[in-house]
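Below, each chain spelled out in residue letters.
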Amino acid sequence: MVCTVAWPDVTIPVGIGVVGCGVIGTQHVRVASALPCARPRAVLDLKRDRAEALAAAHGVPRVCADLEEMLALSEVEAVVMAVPAAFRMSMSRQILAAGRHLLLEKPVAMNADEVRRLVSWRGPNQVVACCTARFRCLDSFGPVRNTLAGGKLGVPQGAVFRALTPAPPRPKVLPPAWRLQSCLNGGGVLMNWGCYDLDYLLGMWPEPLVPCTVSARMWGLGPDFRDFVVPDSDGETHVTAWIECADGFRISYERGEYYPGPRRAEIQVFGDRGTLDLTMVPNRDQVDTLWRSDDAAGCVSETVQCHPDGAADLHSGVVEDFCRAVRSGCEPAAGLEFSFRVQATLDAMYRSARTGCPVEVEQGL
């Protein structure tokens, strides 16, 4: 849950080490270099030349040969794990055993059992957070949260989430293997993007939603797109689900990529007195709109916000949130307890799709 107390400014920057210098690791170094609350102190990658190039571009003082070297640096207070989920657990244990704070890329883990292990390794004063909260750390989330917290929908009843991305032209360079390989990332589009979706849907309320039961179906790549991705890509590319929560709130969910149809993107959150139409992804052309029942006009609308965010804003907020949590001791936007709830829901969706039956979501750590 996003912290509800006033955070002080981070006057002493948090020294950060970044493990993994690919696309997303590069973003973490870029952001940590630009934010006043963070300083990149060291980088590490299996491809040393890539780490050296990144360090040179952003003035990072150390390129480490291994994790032990990074953890020996007293100036590294926190480590960002920007490697595929399948490779994180042993390194995360080392990092936490060394007393460092930890920011995990998404998804938080391969499954909920791994999240339990992270909780058991975490020390009493260590901050462990996940980047699934990227979209809740955008400026555009504040008006959404305030609209819902203000009771403007009346009694909350449900949400409809739909995000379908059509297949792109045949790529000249294949996308990274982890995007659609279960052995590397725990699944396909549901782990890669669904973790963001569920973080947003469950975390937009003053008290996070508690999913109880899930019914889901999944489909893989269509026959015309097999050579658009690396061989042996077994992850799902299309998911539909019905999620029932503890307070009677229900979510109709659909996410797809390599979709043989037009682009669709909508989120509607509704209650007995209103509906909020919004977007999760930064889009300065998007307007979030509140529709309310009116005893004379039937239904009226008002603009909640014209989106202030651009794509460049997507990575900075979650790092700033993490650094403030480190300095203040406040719970980060996606701490382990909340991340477990998201991951347990993902796990239940996969189990439901495999069995063809509704599945209960694991509760509690």
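Residues numbered from 1 in each chain as written. Predicted model: local features only at pLDDT ≥ 70, side-chain atom pairs only at ≥ 80, totals over all residues. Heavy atoms only, no water.

Trainee: Which residues make up the overall build of the chain, and what values do they have?
Mentor: When helices and strands are tallied, the chain shows 10 helices and 15 strands. Here the C-alpha radius of gyration of the chain, 21 Å, is about what a compact globule of 365 residues would show, namely 21 Å. Counting all 365 residues of the chain, 51% fall into the buried class. Counting every atom, the chain has about 15,900 Å² of accessible surface; 52% of that belongs to carbon and sulfur. Positive and negative side-chain charges in the chain, numbering 36 and 42 respectively, have mean positions lying 3 Å apart. (Helix = DSSP H or I, 4+ residues; strand = E, 2+ residues; numbered from the N terminus. Rg over C-alpha atoms; globule rule 2.2 N^0.38 Å. Buried < 20%, exposed > 50% of the residue type's maximum accessible area, 1.4 Å probe, protein only. Areas by Shrake-Rupley, 256 points an atom, 1.4 Å probe, with all protein chains shown as cover. Lys, Arg positive; Asp, Glu negative; His and termini not counted. Charge placed at Lys NZ, Arg CZ, Asp CG, Glu CD.)

Trainee: How would you explain helix H6 (residues 141-149) if you had to name every residue and give the values?
Mentor: Every buried residue belonging to H6 is among Phe141, Gly142, Val144, Thr147 and Leu148, and all of these are buried. Along its buried surface, H6 packs onto helix H8 (189-203), strand E11 (264-271), strand E12 (274-278), strand E13 (287-294) and strand E14 (298-306). (Contact = heavy atoms within 4.5 Å.)

Trainee: Please set out the packing of aromatic side chains residue by residue, giving values where relevant.
Mentor: Inspection of every chain in the model, using the stated rule, returns seven aromatic pairs. Taking 5.9 Å as the distance between ring centres and 35° as the angle between the ring planes, the aromatic pair formed by Phe135 and Trp193 counts as tilted. Taken together, the residues span a long stretch of sequence, with Phe135 in the loop between strand E6 (128-130) and H6 and Trp193 in helix H8 at a distance of 58 residues. Owing to a relative accessible area of 2%, Phe135 belongs among the buried residues under this scheme. By relative accessible area, Trp193 is classed as partly exposed at 24%. Relative to Tyr200, the ring of Phe141 lies with its centre 5.5 Å away and its plane at 70°, an arrangement referred to as edge-to-face. With Phe141 in helix H6 and Tyr200 in helix H8, the pair connects residues that are 59 residues apart, well separated along the chain. Every member of this aromatic cluster is reached through a ring pair, and the members are Phe135, Trp193 and Tyr196. (Phe/Tyr/Trp six-rings, centres within 6.5 Å; stacked < 30°, edge-to-face > 60°.)

Trainee: Lay out the sheet that holds strand E3 (residues 62-63) with the relevant residues and their values.
Mentor: An order of E3-E2-E1-E4-E5-E6 is seen for the six strands of this open sheet, with the pairing classed as parallel. Strands with a single pairing partner mark the edges of an open sheet, and in this sheet they are E3 and E6. Across four bridges, the pairing between strand E1 (residues 14-19) and strand E4 (residues 78-81) is parallel. Bridged to Val18 within E4 is Val80. Set on the sheet, helix H1 (residues 23-34) makes contact with E1, strand E2 (38-44), E4 and strand E5 (101-104); between it and E2 the angle comes to about 150°. (Pairing = 2+ DSSP bridges. Axes fitted to C-alpha atoms, helices over the stretch in contact; angles between N-to-C directions.)

Trainee: If you had to explain the nonpolar core to someone new, which residues and values would you point to?
Mentor: In terms of nonpolar packing, the biggest core is built from 106 residues, with Ile251 and Val269 touching the most fellow members. In this structure, Ile251 is in contact with Ala159, Leu201, Leu202, Leu209, Ala241, Trp242, Ile243 and Cys245, ignoring residues within four places of it in sequence. Formed by six residues, the second largest nonpolar core is a distinct cluster that contains Leu180, Leu221, Phe228 and Val229. (Core = buried A, V, L, I, M, F, W, Y, C linked by side-chain atoms within 4.5 Å.)

Trainee: Can you lay out the packing of H8 against helix H10 (residues 336-355) for me, pointing to particular residues and giving the numbers?
Mentor: Running from N to C, H8 and H10 cross one another at 125°; their axes reach a closest spacing of 10 Å. On the basis of the axis angle, H8 is oblique to H10. Here the hand of the crossing between H8 and H10 comes out right-handed. Contacts between H8 and H10 pair Leu190, Met191, Gly194, Cys195, Leu198, Asp199, Leu202 and Gly203 from the former with Phe338, Arg341, Val342, Gln343, Thr345, Leu346, Met349 and Tyr350 from the latter. (Parallel < 35°, antiparallel > 145°, perpendicular 65-115°, else oblique. Left-handed = near helix turned anticlockwise from the far one by under 90°.)

Trainee: Before we move on, could you go through the sheet that holds E14 and cite the residues and values that matter?
Mentor: One open sheet accounts for nine strands, arranged E14-E13-E12-E11-E7-E10-E9-E8-E15; its pairing is mixed. Two strands lie at the open edges of the sheet, namely E14 and strand E15 (359-360), each paired on one side alone. Pairing of strand E8 (residues 211-219) with E15 involves two bridges; the strand directions are antiparallel. Looking across to E15, one finds that Val214 is bridged to Val359. Relative to the sheet, H8 contacts strand E7 (156-166), E8, strand E9 (238-245), strand E10 (250-259), E11 and E12, its axis offset from that of E10 by approximately 150°.

Purely geometric numbers; function is a separate question.
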